[in-house]
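Chains, contacts and geometry: an overview
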Amino acid sequence: GYIKEGRDYLTEEEKLAIAYQADGSIKWEHEDGNTCTISFGFTKQRKIDQFKKDFPTAKEAVYASRPEMHYFTLKVSKDFLSKNFKNIFKPSQFSVTGCKAFLDYVVLWDGFQAGKGYGYGNTNKNSVDIVQEFAILSGHKTSISTMEDNRSETFSTYYKVHWYDKPYYTTQALKDQQLVP
């Protein structure tokens, strides 16, 4: 069903968690045990521009040996860093608008557009499940596909969730209202 109450937006920490899950890594941990410096490297201009806009305190570096790559570092609390969305996000705390904001931000950093829909893939099934939950709660039809990679024991199964612009209607919704195409 749809969520009627909840947050309509992503916090800066949540945006950072999505960017970190997609492209970040821990550069070093600080002696206090609570903070670390995370790093990002981007060649895509849209990611460079978005990162500068959303995280203006990040330190940027461009090196002569690789001028197309922009590196960023940020000192952050370790409490909010995880490559697993399930450790950070609770979809039920967001409104429909907030769920859509999450999906838009995931697509910006780590997703893709596929025909009339969108998708996100990861080897972490929990993260894929959370993205699917956000999509369902925002009224989209979803599907998950699995791609096994047996080339080596070190390769992981890859999961993709797709969600479609076509809203998902239940039989009850069709009984309760007249739908206009």
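Residues numbered from 1 in each chain as written. Predicted model: local features only at pLDDT ≥ 70, side-chain atom pairs only at ≥ 80, totals over all residues. Heavy atoms only, no water.

1. Notes on the packing of helix 1 (residues 12-23) against helix 3 (residues 96-110)
Contact geometry for helix 1 and helix 3: axes closest at 9 Å, N-to-C directions at 30°. Here helix 1 lies roughly parallel to helix 3, going by the angle between them. For helix 1 against helix 3, the interelement crossing comes out right-handed. Of the residues in helix 3, those in contact with K15, I18, A19, Q21, A22 and D23 of helix 1 are F102, Y105, V106, W109 and D110. Its residues placed into classes, the contact of helix 1 with helix 3 shows 7 nonpolar, 1 polar and 3 charged. (Axes fitted to C-alpha atoms, helices over the stretch in contact; angles between N-to-C directions. Helix = DSSP H or I, 4+ residues; strand = E, 2+ residues; numbered from the N terminus. Parallel < 35°, antiparallel > 145°, perpendicular 65-115°, else oblique. Left-handed = near helix turned anticlockwise from the far one by under 90°. Contact = heavy atoms within 4.5 Å. Nonpolar A, V, L, I, M, F, W, Y, C, P; charged D, E, K, R; others polar.)

2. Focus: the packing of helix 3 against helix 4 (residues 125-137)
Viewed as axis vectors pointing N to C, helix 3 and helix 4 meet at an angle of 135°, and their least axial separation amounts to 8 Å. Accordingly, the angle class assigned to the pair helix 3 and helix 4 is oblique. Once helix 3 is placed against helix 4, the crossing between them reads as left-handed. In this structure, helix 3 uses V96, C99, F102, L103 and V106 to contact helix 4, whose residues at the interface are V131, F134, A135 and L137. A breakdown of the residues in the contact of helix 3 with helix 4 according to their chemical character gives 9 nonpolar, no polar and no charged.

3. Some remarks on the sheet that holds strand 1 (residues 24-29)
Read from one edge of the open sheet, 4 strands run 1-2-4-3, paired in antiparallel fashion. The two strands at the open ends of the sheet, each matched to only one other strand, are strand 1 and strand 3 (59-63). Geometrically, the sheet is characterised by an average inter-axis angle of 30° between neighbouring strands, direction not taken into account. Of the strand pairs in this sheet, strand 1 and strand 2 (residues 35-42) are connected by 5 bridges, and their pairing is antiparallel. (Pairing = 2+ DSSP bridges.)

4. Some details on the environment of T37
On the secondary structure map, T37 appears in strand 2. According to the relative accessible area criterion, T37 is buried, its value standing at 6%. Sequence-wise, T37 and I26 are 11 residues apart; in three dimensions their C-alpha atoms are separated by 6.1 Å. A distance of 2.8 Å separates a polar atom in the side chain of T37 from a polar atom in the side chain of H30. (Buried < 20%, exposed > 50% of the residue type's maximum accessible area, 1.4 Å probe, protein only. Polar contact = N/O pair within 3.5 Å; in protein donor to acceptor, adjacent residues only side chain to side chain.)

5. Remarks on helix 2 (residues 45-54)
Listing the buried residues of helix 2 in full gives K47, I48, Q50, F51 and D54. On the buried face of helix 2, the contacting elements are helix 1, strand 2, strand 4 (66-77) and helix 3.

6. Notes on the side chain of N84
Looking at the secondary structure, you find N84 in the loop between strand 4 and helix 3. For N84, a relative accessible area of 12% gives the class buried. Polar contacts involving the side chain of N84 include one to the main-chain amide nitrogen of K86, which spans 2.9 Å. Sequence-distant contacts of N84, defined by excluding residues within four places in its chain, comprise N124, N126 and S127.

7. Points about the side chain of H70
With respect to the element layout, H70 can be found in strand 4. Note on H70: relative accessible area 16%, which makes it buried. Side-chain polar atoms of H70 contact the side chain of E60, separated by 2.6 Å. Those residues in contact with H70 that sit more than four places away from it in its chain are F40, G41, F42, I48, E60, A61 and V62.

8. A short note on the pairing of strand 6 (residues 117-122)
A regular strand carries its side chains on alternate faces of the sheet. Counting buried positions along strand 6 gives 5 out of 6 residues, so the element sits mostly inside the fold. Pairing analysis gives 4 bridges linking strand 5 (residues 111-114) to strand 6, with the strands arranged antiparallel. In the strand pairing of strand 6, G111 is matched with Y120. Here strand 5 folds back onto strand 6 in antiparallel fashion, the turn holding 2 residues, of which G115 has a positive phi close to 60°.

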